[in-house]
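Each chain, letter by letter, is given below.
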Amino acid sequence: MAFNALETAPQITRIRVYTVAQKPPEFSWSPIMPKVLNTDTIVRLTDDSGQDGISSVCTFTEHGVDNSVLESMRPLLIGLLEQKPQSLKDQWAWMQQRRPGVSNTAIAGLDIAMWDLVAKRQALPLYKLLGGERHSIRAYASIPVMEQASQYIELINTLRQTGFSIFKFHYKSIAEADISLMRDVYHVFKDQGCQFMFDAEGHYEAQGAAKVAAVMEEQGFIWLEAPFDDHDWASYRALKRSTSVPIIPAGNSVVDLAHVQQAIAADCWSALRIDAATAGGISPAMAIFTMAAKSELNVELQSWGSSLSTAANLHLALANANSHYFEVPVPIDDFLIQGVDHFQLDSNGHVSAPKKAGLGLDVDWSIIEATSSRCVEL
């Protein structure tokens, strides 16, 4: 089945939105950030047949649970209940017209839940509704900031036992220190079938980025992520033209359709990077995939949070041939929420599509209700 943004959105009769905090963090994911608390904003839409559409979007904050996404959704909820059935494309456009007072992430949570609902009504896994026939994708472990190379080596050895063979580092975002880590880890694993990526969190200057890229070329890294701020297209373009290592953005700030189109025209990246949660949902993400394919670019998705928060990105990756990897933040236990299924990695390092309709994940709503810090119900 081909992707069709003109799929009719069902009549919504009930909406519930919950905020659920994950466990207190053990690690930071950037050398300039403290440990941040991840919050799942979970949406449950019920249609006139009693079917549920669900989603979650993950955000992270320094000081307590993040209720901002739930509050940003409030202006949309009554409108969704009052609307007559229309296409998902038109419904997404209606939500976009309420910006900037409503955030992209709030729109995404509702859009993803609506796509989940439509897929369930057609008894299809979401990736098949979106046109995909690929059933699994290679996963990579996204490793947090640690103090010493020995800690990375120990964690990689542990993760290899669970099926991972691709690893992405976060470290100091200082060229010489990062190069030292790369060399130490590569020396241990160079003959063991492992592959690597590196995320610099946007903090290199041009000379340091070039040095890092040169080492990555020697070691066959899959990509260098976020060497500069995502808006510094001139620096990206210069680095991209000077190295064979793929250069990609962080994927946090250049996320709107028009903005991404401008970045493609600027020829600054080897591949795009977005997250359905920050791009505004399934509807715009599929448009970005199509736009990227026309320019022969891949889209490598940023996937953060619990299985429910990353499920939309998994289905997007499975539905589109121009996406090759699925990000799994580790330690995995830090990103689990009670009452929700989680994805399983096979022995070959692949994550497979859930077999059930929609996003394919079961939710125990009694646990969500008991553990949520805030709930809105209409």
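Here the structure is shown first, and the text comes after it.
Worth saying up front: this structure is predicted, and the values here are computed from it rather than measured.

J.: Which residues make up unusual backbone geometry, and what are the values?
T.: Here the amide bond leading from Arg99 into Pro100 is cis, since omega sits at 5 degrees, within 30 degrees of zero. Residue placement: Pro100 occurs in the loop between α2 (88-96) and α3 (104-121). A cis amide bond links Val330 with the next residue in sequence, Pro331, at an omega value of 0 degrees. With respect to the helices, strands and loops of the structure, Pro331 is situated in the loop between β11 (325-329) and β12 (350-352). One non-glycine residue with positive phi stands out, namely Glu201, at about 60 degrees. Along the chain, the position of Glu201 falls in the loop between β6 (195-199) and α7 (206-219). Residue Glu201 is classed as partly exposed on the basis of its relative accessible area of 25%. The backbone of Glu296 shows a phi angle near 60 degrees, a positive value even though the residue is not glycine. Here Glu296 lies in the loop between α11 (282-294) and β10 (298-299). Residue classification places Glu296 among the exposed positions, given a relative accessible area of 76%.

J.: Any details on the packing of aromatic side chains? Residues and values, ideally.
T.: All chains considered together, the criterion is met by 16 aromatic pairs. Measuring from centroid to centroid gives 4.6 Å for Trp29 and Trp304, while their planes differ by 90 degrees, and the two rings are edge-to-face. Of this pair, Trp29 sits in the loop between β1 (12-21) and β2 (37-47) while Trp304 sits in the loop between β10 and α12 (307-319), placing them 275 residues apart in sequence. Summarising the burial analysis for this pair, Trp29 and Trp304 share the class buried. Pairwise contacts between aromatic rings join Tyr152, Phe167, Phe169, Tyr171, Phe196 and Phe221 into one cluster.

J.: Describe the packing of helix α5 (residues 149-160) against helix α6 (residues 175-189), listing the residues and the values that go with them.
T.: As a packed pair, α5 and α6 sit with axes 10 Å apart at the nearest point and diverge in direction by 40 degrees. Looking at the two axes, α5 sits oblique to α6. Classified by chirality, the crossing of α6 by α5 is right-handed. For the pair α5 and α6, contact is made by Ala149, Tyr152, Ile153, Ile156, Asn157 and Arg160 and by Leu181, Asp184, Val185, Val188 and Phe189, respectively. Classifying every residue of the contact of α5 with α6 by side-chain character gives eight nonpolar, one polar and two charged.

J.: Residues and numbers for helix α9 (residues 257-266), please.
T.: Because each turn of an α-helix spans 3.6 residues, side chains separated by three or four positions in sequence point in the same direction. Here α9 has its buried residues at Val260, Ala263, Ile264 and Ala266. Take α9 and look down its axis: the buried residues cluster within an arc of 160 degrees, on one side only. On its buried face, α9 is in contact with α8 (233-242), β9 (271-272) and α11. Remark: Asp267 follows α9 within two positions and exhibits a positive phi of approximately 55 degrees.

Criteria and thresholds
Residues numbered from 1 in each chain as written. Predicted model: local features only at pLDDT ≥ 70, side-chain atom pairs only at ≥ 80, totals over all residues. Heavy atoms only, no water. Helix = DSSP H or I, 4+ residues; strand = E, 2+ residues; numbered from the N terminus. Buried < 20%, exposed > 50% of the residue type's maximum accessible area, 1.4 Å probe, protein only. Phe/Tyr/Trp six-rings, centres within 6.5 Å; stacked < 30°, edge-to-face > 60°. Axes fitted to C-alpha atoms, helices over the stretch in contact; angles between N-to-C directions. Parallel < 35°, antiparallel > 145°, perpendicular 65-115°, else oblique. Left-handed = near helix turned anticlockwise from the far one by under 90°. Contact = heavy atoms within 4.5 Å. Nonpolar A, V, L, I, M, F, W, Y, C, P; charged D, E, K, R; others polar. Arc of directions from axis to C-beta.

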